[in-house]
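This is what each chain is made of:
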Amino acid sequence: MPKLSIGQVLQRLGSDFPELAPSKLRFLEEQGLLHPARTPSGYRKFSDADVERIRTILELQRDHYFPLKKIGEYLDAIDRGERPERPGAAAVVVSVAPSAAPSMLPNGVDLSRDELIRRAGATKELLEQAHVAGLLPRAKRYVEDDLVLLTSLVELERRGIGPRHLRPFRTAAQHELGLIEQATAAGSRRGDAAARARAEAQGREIADQLERVRRALVRQGMRERSS
């Protein structure tokens, strides 16, 4: 009998997925990926199996950048009693820094335009909109970061947020780059490779901290609006 509330689900998964929120669970239900039970008064109740299903969905999104459509197909096959290969299981995984998430793409692998669209579950129209908005450069080959970005755009489009709404993000990113370059300028100018490597590592750390600040500010704004 399902007995876990949304809050209890967040407690179970929060350490692995700190950005998980009730709105995300409701969204996954709207997309047909979750089917929690309901109490007579309408409250959602989750079973242990539901929690593991949520974990699978979030891992496939975070670690392998799979769009919800592909994840849904995988889960549907399981629901039918089949034993499909887990998406991304056959992907080559390479050693990365401990703080980096595993990738569905080996380092150095690039994608053609058609491969990028297919892997992201996007349309040609959405990719063109991303080009026009300055979110993705026009190129013959695309890298892993491009795949991550386009996959996110697919999910945002389903929520009514298109690339044209995200133009300010490009400006904000350029501002962050300026801050990082300013903070690492001394090391970058030094001629020895060790100093440049330290500067690059410092730049990545600063980028991570700036991302945390941005997320905290968004969450802060959401709390203020709901209070």
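What you see is a predicted model; the values in this text were computed from it and never measured. (Residues numbered from 1 in each chain as written. Predicted model: local features only at pLDDT ≥ 70, side-chain atom pairs only at ≥ 80, totals over all residues. Heavy atoms only, no water.)

### Description of the overall build of the protein chain
Turning to step 1, where the next piece is worked out: Across its full length, the protein chain holds nine helices and two strands.
Turning to step 2, where the next piece is worked out: Here the protein chain, with 227 residues, has 32% of them falling under the buried criterion.
Turning to step 3, where the next piece is worked out: For the protein chain, the accessible area works out to roughly 14500 Å², and carbon and sulfur atoms hold 52% of it. (Helix = DSSP H or I, 4+ residues; strand = E, 2+ residues; numbered from the N terminus. Buried < 20%, exposed > 50% of the residue type's maximum accessible area, 1.4 Å probe, protein only. Areas by Shrake-Rupley, 256 points an atom, 1.4 Å probe, with all protein chains shown as cover.)

### Digging into the nonpolar core
Turning to step 1, where the next piece is worked out: Judged by nonpolar contacts, the single largest core of 22 residues is most densely connected at V9, L25, F46, I54 and I57.
Turning to step 2, where the next piece is worked out: Sorting the residues of this core by element identifies helix 1 (6–13), helix 2 (22–30), helix 3 (48–64) and helix 4 (68–79) as the ones contributing at least two each.
Turning to step 3, where the next piece is worked out: Looking at this core element by element, the count peaks at five residues for helix 3.
Turning to step 4, where the next piece is worked out: Formed by 17 residues, the second largest nonpolar core is a distinct cluster that contains L111, A120, A130 and L147. (Core = buried A, V, L, I, M, F, W, Y, C linked by side-chain atoms within 4.5 Å.)

### Some points on the packing of helix 1 against helix 3
For any two helices packed against each other, one specifies the inter-axial angle together with the distance between the axes.
Turning to step 1, where the next piece is worked out: Look at helix 1 against helix 3: their axes get within 11 Å of each other, and the N-to-C directions meet at 55 degrees. The angle between the axes of helix 1 and helix 3 places the two elements in the oblique class. Every pair of crossing elements has a handedness; the one defined by helix 1 and helix 3 is right-handed. Side by side, helix 1 and helix 3 meet where V9, R12 and L13 of the first sit next to D48, V51, I54 and R55 of the second. (Axes fitted to C-alpha atoms, helices over the stretch in contact; angles between N-to-C directions. Parallel < 35°, antiparallel > 145°, perpendicular 65-115°, else oblique. Left-handed = near helix turned anticlockwise from the far one by under 90°. Contact = heavy atoms within 4.5 Å.)

### Details of helix 6 (residues 124–132)
Turning to step 1, where the next piece is worked out: Within the span of helix 6, buried status applies to L126, L127, A130 and H131. The buried residues of helix 6 occupy an angular sector of 145 degrees when projected down its axis, which confines them to one face. Exposed residues pointing more than 90 degrees away from the buried face of helix 6 are listed as K124, E125 and V132.
Turning to step 2, where the next piece is worked out: Where helix 6 is buried, its residues touch helix 5 (113–120) and helix 7 (144–158).
Turning to step 3, where the next piece is worked out: Immediately beyond the C-terminal end of helix 6, within one or two residues, lies G134, with a positive phi of roughly 80 degrees. (Arc of directions from axis to C-beta.)

### Some words on the pattern of salt bridges
Turning to step 1, where the next piece is worked out: Tallied over the entire structure, the rule returns 14 salt bridges.
Turning to step 2, where the next piece is worked out: D79 is the partner of R53 in a salt bridge, and the nearest nitrogen-oxygen pair spans 3.0 Å. Of the two residues, R53 is situated in helix 3 and D79 in helix 4; the sequence distance between them amounts to 26 residues.
Turning to step 3, where the next piece is worked out: Given the relative accessible area of 15%, R53 is considered buried. (Salt bridge = Lys/Arg side-chain N within 4 Å of Asp/Glu carboxyl O.)

### Comments concerning helix 5
Turning to step 1, where the next piece is worked out: Here helix 5 has its buried residues at L116, I117 and A120. Considered in projection along helix 5, the buried side chains sweep an arc of 95 degrees and stay on one side of the axis. Exposed and facing more than 90 degrees away from the buried side of helix 5 are D114 and R118.
Turning to step 2, where the next piece is worked out: Contacts made by the buried residues of helix 5 are with helix 6 and helix 7.

### What about the environment of E128?
Turning to step 1, where the next piece is worked out: Along the chain, E128 turns up in helix 6.
Turning to step 2, where the next piece is worked out: A residue is classified by how much of its surface remains accessible, and E128, at 31% relative accessible area, is partly exposed.
Turning to step 3, where the next piece is worked out: Among the polar contacts listed, one links the side chain of E128 to the side chain of R138, at a separation of 2.6 Å. (Polar contact = N/O pair within 3.5 Å; in protein donor to acceptor, adjacent residues only side chain to side chain.)

### Topic: the confidence of the model for the protein chain
Turning to step 1, where the next piece is worked out: Confidence in the prediction for the protein chain averages 82 pLDDT; 86% of positions are at 70 or higher.
Turning to step 2, where the next piece is worked out: Within the protein chain, no element has a lower average pLDDT than helix 9 (residues 193–226), which sits at 82, and none a higher one than helix 6, at 94.
Turning to step 3, where the next piece is worked out: Of the regions scoring below 50 in pLDDT, residues 90–108 engages in 24 contacts with residues more than four places distant in sequence or in other chains. (pLDDT = per-residue confidence, 0-100.)

### Details of the side chain of Q61
Turning to step 1, where the next piece is worked out: Secondary-structure assignment places Q61 in helix 3.
Turning to step 2, where the next piece is worked out: What Q61 contacts, discounting residues up to four positions off in sequence, is K24, F66, L68, I71 and E155.

### Considerations on the side chain of R53
Turning to step 1, where the next piece is worked out: Within polar-contact distance, the side chain of R53 engages the backbone oxygen of L33 at 2.6 Å.
Turning to step 2, where the next piece is worked out: In this structure R53 touches L33, L34, H35, L75 and D79, once residues within four positions along its chain are discounted.

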